[in-house]
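# Reading the structure
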Amino acid sequence: MADTPQLNAQGQVDFDKQGGLVPAIAQDAATGQVLMLAWMNREAYEETLRTGRAVYFSRSRNRLWRKGEESGNVQEVREVFIDCDADTILLRVHQVGGAACHEGYASCFFRRVTSAGVDVVGERVFDPKQVYGK
């Protein structure tokens, strides 16, 4: 969506089905890697379409969360898909900074479950203590 006209998909997502929030999956547009899952309300979805940058609804903060507002690792939206039930959104994005995860990994899915337990399979792109000061 960066450098493209604003999209208009009003009424295409059923926000009422799940109490106002729908899952939103972010996928790397170039590699297909699943980066993260977050939630969107109608306001977050509309701002995402209008600006071409991913905006989610933070359930823990109870407010809009503009991806990268603290880290600078914004998601530039390339394409938006809606699933067959109109209750899940897929964003194909360019991940600025190379990390979608607040723990510093490219993807939030950096842990693999094996018969021996759980292994970390991702490489950290940044140190979250330096970026977030926590």
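Below or above, wherever it landed, is the structure these notes cover. A quick note: this is a predicted structure, and the numbers were derived from the prediction, not measured.

### A word on the layout of surface pockets
- In this structure, the largest pocket encloses a volume near 660 Å³.
- In terms of lining, the largest pocket is formed by 27 residues, of which the most central are R61, W65, K67, H102 and C108.
- Breaking the lining of the largest pocket down by element, the ones donating at least two residues are β2 (34–40), β3 (55–58) and α2 (128–132).
- Element by element, the count of residues in the lining of the largest pocket is highest for β2, at four residues.
- Residues that form the lining of the largest pocket fall into these classes: 13 nonpolar, five polar and nine charged.

### Considerations on the pattern of salt bridges
- For the structure shown, the criterion picks out seven salt bridges.
- The residue R78 makes a salt bridge to E76 at a minimum N-O spacing of 3.5 Å.
- For R78, a relative accessible area of 36% gives the class partly exposed.
- Relative accessible area serves as the criterion here: at 19%, E76 is assigned to the buried category.
- Via salt bridges that share partners, R61, R63 and E69 belong to a single interconnected network.

### Considering the nonpolar core
- Core analysis: the biggest nonpolar cluster contains 23 residues, and M36, M40, Y45, Y56, I89 and L91 have the highest contact counts within it.
- Put simply, the parts of the chain that give this core at least two residues each are β1 (22–28), β2, α1 (42–51), β3 and β6 (89–95).
- When residues no more than four places from it in sequence are discounted, the contact partners of L91 are I25, A26, Q27, M40, T48, A54, Y56, V77, E79 and V80.

The rules behind each value
- Residues numbered from 1 in each chain as written.
- Predicted model: local features only at pLDDT ≥ 70, side-chain atom pairs only at ≥ 80, totals over all residues.
- Heavy atoms only, no water.
- 1 Å grid on protein atoms, 1.4 Å probe; cavity = no way out; pocket = protein on both sides within 12 Å on 5 of 7 lines; lining within 4 Å.
- Points joined across faces, edges and corners; volume = space filled by probe spheres on them.
- Helix = DSSP H or I, 4+ residues; strand = E, 2+ residues; numbered from the N terminus.
- Nonpolar A, V, L, I, M, F, W, Y, C, P; charged D, E, K, R; others polar.
- Salt bridge = Lys/Arg side-chain N within 4 Å of Asp/Glu carboxyl O.
- Buried < 20%, exposed > 50% of the residue type's maximum accessible area, 1.4 Å probe, protein only.
- Core = buried A, V, L, I, M, F, W, Y, C linked by side-chain atoms within 4.5 Å.
- Contact = heavy atoms within 4.5 Å.

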